[in-house]
Amino acid sequence: MSSSSVVSHSLSDSPTSRRRWKMQHSGTSGPIAVQGCLHGELRRVYDSIALAEKLNNVKVDLLIISGDFQAMRHSNDLDTLQVPPKYKVLGDFPDYYSGRVVAPIPTLFIGGNHEASGYMRELITGGFAAENIYFMGSSGVIRFGPLRIAGLSGIFKPQSFQMGHIHQPPYSPGTIRSAYHVRRVDMARLALLQHPVLPGAAPPVNVFLSHDWPVGITDFGDCRRLIRSKPYFEEDIRNRELGNPLSMDMLLRPLRPHYWFSAHLHVKFAALVPHSPAPGPAEPPAKRPRTGDHTPLGDATGAEASAGCEAADQAAGPAIVPESKVALACTRFLALDKCHPRGHFIQLVPLNLGETVPGPAGEDGPASTPRPAYRFEYDDEWLLIMRRTNAALFGALFTEAHQERLLRQQALLAEAWKTGEGPYAEHVALERQWLADLHAKHATNDGTGWGGIPVLPFEPSLSDALPTSNPQSSKLSQMLGLEDFLRHSAETRACSVRDWQQRTFLDWSEADEMAVAASAAAPPTDAASPLSDSGAEASVNLDAIDLDDEDDDWTPSADGGQGPSQPICTANPDAIDLDDDDDADDADVDGDSGAAIQESAGQSAEAPLAQDHSSAINPDAIDLDEEDLAD
């Protein structure tokens, strides 16, 4: 068990709402709210959080949404949303975009595989999608008070992985899918965080967001229970195909975030990934006591790992830890469902953000005052990474050789920042001065003690026509001294490989050129392998088509996300789960076998009514400690 207490509250006084949910409560501040796939149900999620705040007597500081946000501003955005035509509905986002309604909670989201891809492209480097609603871009790092949050948008598909972001509206049937696929260049930029150039100013990544799961995460949770809920996952789990095959080794293990939140698969799943004391692979423990028939496939995990995580966490202190405590014991993974009546779609997570800030000393000692609300701020480390690598986002090809070269360069830059010596010493001196000038010009104190460079304020797009530029992206490019690639034509934007290489790498050499050429020309060792660097010609196929149809079939709520606001999602309980695979499962979950699954999971077998508030907040909220892995 965690050292913090567990508090349970009933969700309703009605006879049909006797289920209880639990959350860890630090006693010092409110939690953050984490939401799975949104699918346009923004107003209902805010109403559900308001209910949770009332029942638990807390104030939620931040809402995090793990993809499928669906920020359609107007009818033109529907042309960039990959769903069957009959489900292309605007939902309630236009009210937030126009300013008729303002988000009551600071909201942060990443992209999934059902987005208004044209609008998301306008904000590819991050920006406010509406007042108080921030999109992290294709990849990004943002600060929110003491929290450092990193995010990766999209889902993994090998045929698009080595492309740059070269597609724009109007999309073809292939490029409308490729637009939301994860790119190697985005993962490589996030991987640079393992070699921070600002060790004194950059804390570890506290929270990481991705839409699809890291492959292998099921080794560290209750895999049997997951398969009972989603039987068709078993083959993908055995074949190591459930999720992004690179996330674990490229991001989760080296970055060691305290929390990792995902969505996409429309099921709740918690896991604890232990980390070795020194950087290296996190191996599952050899045995897992107290799990009975819940032992996962393959390597077992659970109580031993949890005990180790707990002991080290107690030594390390709270979730927000100083730089010296960067070697956290484990990463707590949580995936959540989509917003629907029986879904475990939202959870409160007890990240202690503090309620007060220090004040002047008085007769009775140092005083403190209630802190102002936190704001979104740029991360200094990420600003430097963007400045060096932004051109690579729009290149035609980014291979594994490019990735390795980028990591080597980052390690040398980090050393030069520390020592002031080496081949990059002169460049680092210029970077140091640039960052100091940027802070002098833009940084402000927000009264919370975490004053930095605030994110540029929300501004609507320049036109309803697609494609269009975005004033936020243009001003950010200007602030960083970068070209605004979004203003260029497609031909200019898809710059030559040599062009962006010279922009991105500080001392690009002939040896690097040869390595990239060999990497791009080498045939894949396995046609299905996502790790293979297939040829450059295949990587830049502008009409690459996702040959399966797993992303095509889905159903939003019966009212299309519109209609009266309610504290819960009264969406069609038989809504299809985005994938053909999920359709059969929905019939089970909402039928008799669903009750059996709920019972086996320790839930009430009694189906809630459509208006039951218990469905708004996860009635089986997982505390992310060992209880979740051995129930």
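Preceding this section is the structure that the text describes.
Notes on the structure follow.

Thresholds applied
The residue numbering used here restarts from 1 in each chain and proceeds along that chain's sequence as written. Per-residue local features are limited, in this predicted model, to residues with pLDDT of at least 70; the limit for side-chain atom pairs, both in listing and counting, is 80 or more; totals at the level of whole chains, interfaces and linings are taken over all residues. Working from all heavy atoms in the structure, the side-chain values ignore hydrogens and water. A pair of strands is labelled paired if DSSP reports no fewer than 2 bridges between them. Secondary structure elements follow DSSP: runs of H or I no shorter than four residues count as helices, runs of E no shorter than two count as strands, and numbering proceeds from the N terminus. Between N-to-C directions, angles span 0 to 180 degrees; the directions come from axes that are lines fitted to C-alpha atoms, helices contributing only their stretch in contact. Contacts were defined at the residue level, with two residues in contact if any of their heavy atoms lie within 4.5 Å. Salt bridges, as used here, are contacts in which a Lys or Arg side-chain nitrogen is within 4 Å of a carboxyl oxygen on Asp or Glu. A 1.4 Å probe rolled over the protein chains alone gives each residue an accessible area, and that area as a share of the maximum for its type sets the label: buried under 20%, exposed over 50%, partly exposed in between.

### Brief notes about the sheet that holds strand 13 (residues 330-335)
In a beta sheet, neighbouring strands pair by backbone hydrogen bonds and run either parallel or antiparallel. Spatially, the seven strands line up as an open sheet ordered 12-13-11-10-9-8-17, and their pairing is mixed. A single partner strand is all that each edge strand has here, and the edge strands are strand 12 (269-274) and strand 17 (376-378). Ignoring which end each strand starts from, the neighbouring axes of this sheet average 25° apart. Direction of pairing for strand 12 relative to strand 13: antiparallel, over a ladder of six bridges. Note on strand 13: the bridge partner recorded for proline 274 is cysteine 330. Strands strand 9 (147-152), strand 10 (207-210), strand 11 (259-262), strand 12 and strand 13 of the sheet are contacted by helix 8 (residues 247-255), whose axis makes an angle of about 145° with strand 11.

### Points about the pattern of salt bridges
Taken as a whole and judged by the stated rule, the model has 18 salt bridges. The salt bridge involving arginine 43 is made with aspartate 92; its shortest N-O contact spans 3.6 Å. Within this pair, whereas arginine 43 is found in helix 1 (residues 42-56), its partner aspartate 92 is found in the loop between strand 4 (63-65) and helix 2 (93-98), the two being separated by 49 residues in sequence. Here aspartate 379 makes a salt bridge to arginine 143, at a shortest N to O gap of 3.7 Å. With a gap of 236 residues between them, aspartate 379 in the loop between strand 17 and helix 10 (380-393) and arginine 143 in strand 8 (residues 139-144) connect regions that are remote in the sequence. Members of the salt-bridge network, linked through shared partners, are Arg43, Asp92, Asp95 and Arg100.

### Overview of the sheet that holds strand 14 (residues 346-349)
Pairing in this open sheet of six strands is mixed, and the strands run 6-7-5-4-3-14 from one edge to the other. Bordering the open sheet on either side are strand 6 (127-130) and strand 14, each of which pairs with just one other strand. The average angle at which neighbouring strand axes cross in this sheet is 25°, direction not considered. Bridging between strand 4 and strand 5 (residues 107-109) involves three bridges; their strand directions are parallel. Its bridge partner being in strand 5, isoleucine 65 is matched across the sheet by phenylalanine 109. Helix-sheet contacts for helix 1 involve strand 3 (32-35), strand 4, strand 5, strand 7 (133-135) and strand 14, and the interaxial angle to strand 4 is about 140°.

### Focus: the environment of alanine 416
When you line up the elements, alanine 416 lands in helix 11 (residues 400-419). Overall, the relative accessible area of 1% leaves alanine 416 in the buried class. Sequence spacing of alanine 416 and valine 197 is 219 residues, and the spatial spacing of their C-alpha atoms is 8.3 Å. Beyond its immediate sequence surroundings of up to four residues, alanine 416 is in contact with Glu421, Tyr424, Ala425, Val428 and Arg432.

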